[in-house]
Structure formats: C-alpha cells, structure tokens
Amino acid sequence: MTLVAGVDSSTQSCKVVIVDAATGALVREGRTSHPSGTEVDPAAWWDALQEAIAAAGGLDDVAAVSIAGQQHGMVVLDAEGEVIRPALLWNDTRSAAAAAQLADEFPDIVARTGSRPVASFTATKLRWLRDAEPDNAARVHAVALPHDWLTWRLRGFGPGNADFAELTTDRSDASGTSYWNPHTDDYDRELLVAALGHDAILPRVLGPGDSAGALPGGQLVGPGAGDNAGAALGLGARDGDVVVSIGTSGTVFAVTGKPAGSDTVAGFADASGLFLPLVATLNAARVLDAIAGLLGVDHDELGRLALAAEPGAGGLVLQPWFEGERTPNRPDATATVFGMTLSNTTRNDVARAAIEGLLCGLAAGLDAVRSVGVHARRILLIGGAAQNPAVSAIAAQVFDVPVVVPEPGEYVARGGAVQAAWVATGARPEWELPLAAAPAADHRPVILEQYAARL
C-alpha cells in the first residue's frame, strides 16, 4: 500500500490525514489548534504542523505530502528569510480602505486578476503595510502565503537557509493575491509594486501535479493549494457541482473550464488546471455559535428548535453580518434582526432565523456564481455545520437545486492528499465520495424573498 499525506493549515487548526493513494481510504490522522485572532505569528502554524504530523504518526512511511491552507494571509520575509511581522489573515478587515484605493487606481483590475480586491486579498494587506508600517514594508524581500511558507519550511528552508528560489505556490492560492493573472498564469508586477511600494520575490507558481521538491527524507512534496481549491479536489467536484462550505467563513464555488470573475465573484484558479469562481462570506458557522450561546443551547438543540418553527420563522429575519461582510462588500457592517413581533420572538423562530439567515447569504452567493456562467446541477454542502440535520433540511428549502451532504471528512486535507497521490503516481486519483445525507428537495421561495427584501 502506498501512503500519501495531505495537510489543511486552516484559520483555526492544522489537520493531517494519511491515506491510501489508490483508494483514498483514511489510515490515520492528526490535529492541533491554531491561535485565534486575525493576526498570527506564522511560527504558531509551523509548531502546529509539527504537532499534527506527530499526532498522525509521522511522515516516514509516506511517498508524498502536500499542504493546503487558508488563502490570502500575508507572510512577509526579510532578506534572511525571517518573518518581519505577524501575518494578517484573510479575515482581517483593516485593509478595506486599501482595497478601495487599489480598485480606484486600477479600473481594469478585474480583467487583470480575475477579481475585484477586497480586504481579504494579499495586495490590500501589502498596501496597508506600506502606509501603516513603512519601515516594515521597506524590509520586505519576499512575500508568501501561508501554504507557501509552510511548504518551504517543511522542505528545510527558512532563516539560515533562505533559498528563495525554492519558494513555491500554486495557481489557486496565487489567484487570491490581486497581483496574479489567471488568464496569463503570470504575476502582475505593476500591481505588486503599487501595493507594497517596491518589487519583491514571489513564489514560483507550480501547475497541478507538479512537485515542489522533496523533504529531507526524500518524500515528494506536492504544489499545495488554497483551502477552497483543496476542498474541490478532495470532493472530486466536477462541472455542475457547486460546493457550499460552512466553516469559519462561508464559501460558494464551482469548477469551470474558463475564467469567470466579476466585481462580486472572485475569478480564482483551481488546483486541477481549471478555474474556481468563488463567493465568500465572513459570517458562517460562528453565526450559529453566537445564537446557540444567546439561547443557552448546544448546536443539536439549536437545530431542534429551528425545525420546530415554520419556514420563514414567522417573518423574523436575521441579517448575520456580525463580523462585517465580504459579499456583499460591507466590512464595517453589523448584524441586524428585522420583522420582530410579539408572536415570532420565540426561541424556535430565533433559532430558525439564524440558520435561514446564514443559508440565505450563501444562496445569494449561488446566484452570483450563476451570473458568471456556472451551471448548478447539485449542491455539495460541507463543513461542520452541514452535519446538523436542521442545516441540511433547511438548505433543501433555501436552495432551488438538490442538496447532498458528503460524509464528514477533512476535505481540504484530503485535497492535499489528492495532490500528493498525483505527484507520487503521475496521475490524478479518482476516489469515491461517500454521502451522509441527501435531503428531499423542498424549495420554499418565501425564505429567500423575505431575506432579499431586507438587503
């Protein structure tokens, strides 16, 4: 049996899965937590990666490994390979003004990068650094994303061995920077200089199935991927599949054969050589955390309360922009409750409004990806919240196409394992996707209609 390893270095934790390269069957796994916050010292990710690898039994018996991870995070390195300052993560909104500046300065930026810049994107964080911390900006010799930096470190590079020629990334993560062009597969140096104030070394962009090199022990290293592209690989998503992921962030994305972006839809590349039009929301699973805490219940009870209410929650609407919002682009927004009456101010309706509000935001994302030519045949609903029966049942009422829920799994890490198997064997593997649920279609237009009326 040939074993391969996949890693998901996400916002909240690091997961490592070791699988059979032929079937994708899980052999063992490990996990450890990351610090909270929107600004994190990358050293914490490195420590977590080492702990998660050890918890998974190590990498000595694997043929290859590949690291997927959170997108957009700004890792800035000096000429010695030292991290200059803590990384600003995708969910740090302090660069919202910088995003607007770049969009104004480059009216053609969507055509050049596939996406309109928002505060999540790396270029906007570099512009913030230039303006807010000019001394740190002047020291920047190279810019990496989280999975780039971890791959580099895992291969033995870093301070004392800062071979920047060995710094690599992939198309999917590069396409979330706002200084890489998915049409030409090349960096846009003018945009980088406009953001940072000067040029810098950027990672070499690998294609799908390319190897970044090897570990000191000889194991091959895959190209890695952004987390959503990794999930698409791990799910085996094909044309007609729209992935709706409910994690720390919410995402709606699909694999397509041609570039597809707009002011609303990020025109990312995927990890298979195709494209990944994507809509992201800042508010996802933590919406349910907040309302469960408010009601003093766990997530299971929150779901039971929600299912006891009628679709539409008696007219109660939660617009769940607790942390600002990325889609629509309202970084300073707050959450709002509409339509509250004496009759619907109940635990059941509040629980239902929370789940409906979360899903309606994602349904708006589905409409957006459809607007750039995506054909939706079915929804693949993933993320921890998707396993709640109330979430999947209400999703079947909110979305107007069939919903299926894959078995719980670390699909981003599994996508990394797909890449590792691809590098080890020379061919992309085809692994079966087991399903946990396929709720009956039960579309209720009233839910979306009353939500849309409050936008």
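Counting of residues starts from 1 at the beginning of each chain's written sequence and follows it residue by residue. For a predicted model such as this one, the threshold for reporting local features is a pLDDT of at least 70, and the threshold for listing and counting side-chain atom pairs is 80 or more; totals across whole chains, interfaces and linings nevertheless cover every residue. Only hydrogens and water are set aside when side-chain values are computed; all heavy atoms of the structure are taken into account.

### Examining the layout of surface pockets
In this approach the atoms are scanned with a rolling probe the size of a water molecule, which exposes any empty space left behind. Going by this rule: Buried and open spaces are told apart on a 1 Å grid over the protein atoms alone, a cavity being a set of points where a 1.4 Å probe fits but cannot get out and a pocket being an open set with protein on both sides within 12 Å along at least five of seven lines. Residues with an atom within 4 Å of a point are the lining residues. Grid points are joined across faces, edges and corners, and a volume is the space filled by probe spheres set on the points. The numbering of helices and of strands both runs from the N terminus, where a helix is a DSSP run of H or I of at least 4 residues and a strand a run of E of at least 2. We call Asp, Glu, Lys and Arg charged. Ala, Val, Leu, Ile, Met, Phe, Trp, Tyr, Cys and Pro are nonpolar, and the rest, Gly among them, are polar.
Roughly 920 Å³ of internal volume is contained in the largest pocket. When residues of the lining of the largest pocket are traced back to their parent elements, those giving at least two are β2 (13-20), α9 (227-235), β16 (241-246), β19 (275-281), α10 (285-295), α11 (299-307), β22 (378-382) and α14 (411-425). For the lining of the largest pocket, the class distribution of residues is 14 nonpolar, 19 polar and nine charged. The calculated volume of the second largest pocket comes to roughly 250 Å³. Looking at the lining of the second largest pocket residue by residue, the classes come out as seven nonpolar, three polar and five charged.

### A few points about empty space enclosed by the protein
Summed over the entire model, instances satisfying the criterion amount to four cavities of 30 Å³ or more. Roughly 60 Å³ of internal volume is contained in the largest cavity. As for the largest cavity, its lining consists of W90, D92, T93, V118, A119, S120, L282, E325, R326, N329 and P331. Taken together, the residues that form the lining of the largest cavity break down as five nonpolar, three polar and three charged.

### Some details on helix α13 (residues 389-398)
Worth spelling out the cut-off: Each residue's exposure class comes from its accessible area (1.4 Å probe, protein chains only) as a fraction of the maximum for that residue type: buried when under 20%, exposed when over 50%, partly exposed otherwise.
Within α13, eight of the 10 residues are buried, which leaves the element mostly enclosed by the surrounding structure. Residues of α13 that are buried include every one of A390, V391, S392, I394, A395, A396, Q397 and V398, and no others.

### Let's talk about the pairing of strand β23 (residues 403-406)
Where we set the bar: A crossover counts as right-handed when, viewed with the strands pointing away from the observer, the path leading from the first strand over the helix to the second turns clockwise. Think of it this way: DSSP has to see at least two bridges between two strands before they count as a pair.
Going residue by residue along β23, you find V403 and V405 tucked away on one face and V404 and P406 tucked away on the opposite face as well. What joins β22 to β23 is α13, and the crossover it makes is right-handed. Where β23 and strand β24 (residues 435-437) come together, two bridges link them in antiparallel fashion. Among the inter-strand pairings, V405 is bridged to a residue of β24, identified as A437.

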